[in-house]
Amino acid sequence: MNRLAIARSAILVSEHNLRKHSPTKHLNPNVKNVGVSATVAINDLSNQLRREGREIFKLGLGESPFPVPAPVVEALKNAASQKSYLPVNGLMELREAVAEHHQRQFGINCDPGDVLIGPGSKELMFLLQLVYYGDLMIPSPSWVSYAPQATIIGRDIHRVQTCFDNNWLLVAEELEELCLEDPGRARLLILNYPSNPTGRTYSAAQLEELAEVAQRHGVLVLSDEIYGKLHYEGKHQSIVPMYPVGTVFSGGLSKWCGAGGWRLGVFVFPPELRWLREAMSSVASETFTSTSNPIQHAAVRAFQEGPEIEDYLVDERRILKALGHALTEKLSRAGVKVLEPEGAFYLFPDFSAFSERFLRSQIEDDTRMCEKLLAETGVAILPGSAFGRDAGELTARLAYVDFPGGEALEAARSIPKDERIDGSFLQDHCGRMLEAVDRIIAWIHQAP
Ligand SMILES: Cc1ncc(COP(=O)(O)O)c(C=O)c1O
């Protein structure tokens, strides 16, 4: 055989071998049932329906409606020509800015060597779950991606129940009970507050109780404070100073700074857990290498804060607070069980009062409820089962972000900072959100 013939037959053999590949035999069993993240899927579906000409209210994906603050955009413009790979742990200037911010916020000494920068906190969470060899404990409900990440890696997942009457918050006794089941076991607890999906948060006393149990049982805590700056009173409390040796702080630019697509997340470790940071850095160096260079330069400006950023935060908070309050009132008056949010941009309504009417329309669970709601009203929300709740409970998450955030911020700027945002402001600048909730209310009351 000449060389060409040999090469041709080699290609044929490899094509034949490739055809023998199949998902049942060659797909890692951990990823077989994972599917696309619920939030990403609802966003894709909403966009597709919009392209088909339908009017869609996008209350599915939790993306900030607000533009990135002007000084941070300016910093990004100035850094656009930066092209080199950066150190795996992050740009030193940014790590210093994050460490100083940490010190200002929590009054804890922080070394830039304990800061790790990543392409979104979600990626860092995945790396943490990969390198830390322990079971995952999360409250139910909690954010959609913690559990699938554990499933992909092959960790055991324990959901600790919460309930409406307890503000959907984890109670220290429940945590203790789980820890006592197998006292020596290595465990990672992820706490997120203000919470996605409920908008509720912990008081200092509640955090102290959780910290005490976690410390006594040697539980590693990942404190996901990505919505911390969106606490409506600007009074976010953190568990970090209460359990400094065993808590990893997680934050980033995606929510308060409106920069989800920039993909920048930060972790801050206590010096006692430097080994964990180092293990994560090693894996990061073999996977994403480093986080985008210009974005890191811009993030320095965001973490430095200052009056312009403070004004931006005050306006974001008062718009979201007023809107969260108005939507809670509307839903409550319509007979829906829902708690008023204290931060972030989510409501977690419970539609179980309408279960009989839903059954007459063949709606037996929360997924069917959300599918029908989208099909019949154009309002996209996510079922509570995506956040770990029982599908029969008929809960859902509603992200109140479908309004022109830039326009609303501009309008809020001319209202004195100590004044509240009123109903006419909401009607003028967040009208789509009011209409979306009116549509939900009309739909749940409509006779089948
Ligand atoms: C509770 C929570 N944690 C973490 C993230 C991930 O944020 P990012 O990867 O954009 O930093 C999100 C994003 O939706 C979130 O809602």
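The present account deals with the structure reproduced in this document. As a convention, each chain's residues are numbered from 1 in the sequence order in which they are written. The predicted origin of the model limits local features to residues at a pLDDT of at least 70 and limits the giving and counting of side-chain atom pairs to 80 or more, whereas totals for whole chains, interfaces and linings rest on all residues. Just so you know, side-chain values use all the structure's heavy atoms and leave hydrogens and water out.

### Comments concerning a negative patch on the surface
A grouping of Glu173, Glu174, Glu177, Glu181, Glu208 and Glu209 is seen on the molecular surface, where their side chains present a negatively charged patch. Listed by contribution, the elements that provide at least two residues to the negative patch are helix 8 (172-181) and helix 9 (204-216). Patch construction takes residues with relative accessible area above 30% that form no salt bridge. Like charges are linked within 9 Å, and nonpolar side chains (Val, Leu, Ile, Met, Phe, Trp, Tyr) are linked within 5 Å. Only the protein chains shown count as covering a residue, and every accessible area follows the Shrake-Rupley method with a 1.4 Å probe. Note on definitions: salt bridges are taken to be side-chain nitrogens of Lys or Arg within 4 Å of carboxyl oxygens of Asp or Glu. The sign given to each residue is positive for Lys and Arg and negative for Asp and Glu; His and the chain ends receive no count. By convention, charge coordinates are those of NZ in Lys, CZ in Arg, CG in Asp, or CD in Glu. Elements are defined by DSSP. Helices are runs of H or I of four residues or more, strands are runs of E of two residues or more, and each kind is numbered from the N terminus.

### Focus: the sheet that holds strand 11 (residues 382-383)
Two strands qualify as a pair provided that DSSP identifies no fewer than 2 bridges between them. The three strands lie next to each other as 9-12-11, forming an open sheet whose pairing is antiparallel. For this open sheet the edge positions go to strand 9 (346-347) and strand 11, each flanked by a neighbour on one side alone. Looking at chain direction, strand 9 and strand 12 (residues 396-399) are connected through two bridges and run antiparallel. The residue bridging Leu347 from the neighbouring strand is Leu398, located in strand 12.

### Digging into the site of the ligand
In the region of the ligand, 14 residues are neighbours, and Ser121, Asp224, Tyr227, Ser254 and Arg263 sit closest. Contact distances for the ligand include 2.8 Å between an oxygen atom and a side-chain N or O atom of Asn196. Polar contact criterion, stated in full: a pair of N or O atoms within 3.5 Å, where within protein one must be able to donate a hydrogen and the other to accept it, and residues adjacent in sequence count only if both atoms are side-chain atoms. One nitrogen or oxygen atom from the side chain of Ser254 is found 2.6 Å from an oxygen atom belonging to the ligand. Alone, the ligand offers 400 Å² of accessible surface; in the complex the protein occludes 93% of this. Here the shell around the ligand takes three residues from helix 6 (residues 121-131), the largest share from any one element. Nonpolar residues are Ala, Val, Leu, Ile, Met, Phe, Trp, Tyr, Cys and Pro. Charged residues are Asp, Glu, Lys and Arg, and all others, Gly as well, are polar. Considered class by class, the residues forming the shell around the ligand number five nonpolar, five polar and four charged. Nearness is defined per residue: one heavy atom within 4 Å of the molecule or strand is enough.

### Observations concerning the pairing of strand 2 (residues 115-118)
Where burial is concerned, the two faces of strand 2 agree: the one with Val115 and Ile117 and the one with Leu116 and Gly118 are both buried. In this structure, strand 2 lies alongside strand 8 (residues 265-268), joined through four bridges in antiparallel fashion. Opposite Gly118, over in strand 8, you have Gly265 as the bridge partner. Burial classes follow relative accessibility: with a 1.4 Å probe on protein chains only, a residue under 20% of its type's maximum area counts as buried, one over 50% as exposed, and anything between as partly exposed.

### Quick notes on the pattern of salt bridges
Scanning the model with the defined rule gives 25 salt bridges in all. Arg432 is paired through a salt bridge with Glu55; the nearest N and O atoms lie 3.5 Å apart. Linking Arg432 in helix 17 (residues 431-445) with Glu55 in the loop between helix 3 (38-51) and strand 1 (57-58), this pair joins segments that are 377 residues apart in sequence. The salt bridge partner of Glu74 is Lys77, with a shortest N-O separation of 3.8 Å. Of this pair, Glu74 and Lys77 are both found in helix 4 (residues 70-78), three residues apart, which corresponds to roughly one turn of the helix.

### Comments concerning the sheet that holds strand 7 (residues 247-252)
With mixed pairing, the seven strands of this open sheet are ordered in space as 2-8-7-6-5-3-4. A strand with exactly one partner marks an edge of an open sheet, and here the two such strands are strand 2 and strand 4 (157-161). Strand-to-strand twist of the sheet, defined as the mean angle between neighbouring strand axes without regard to direction, takes the value 20°. Two strands pair when backbone bridges link them, and strand 6 (residues 220-224) and strand 7 are joined in this way by four bridges, in the parallel orientation. By the bridge assignment for strand 7, Ser223 is matched with Phe249. Throughout, a contact is declared for two residues whenever any of their heavy atoms are within 4.5 Å. Where helices are involved, their axes are fitted lines through C-alpha atoms of the stretch in contact, as for all axes, and angles between N-to-C directions lie from 0 to 180°. Against the sheet, helix 6 engages strand 2, strand 3 (135-140), strand 5 (187-192), strand 6, strand 7 and strand 8, with an angle of about 45° to strand 8.

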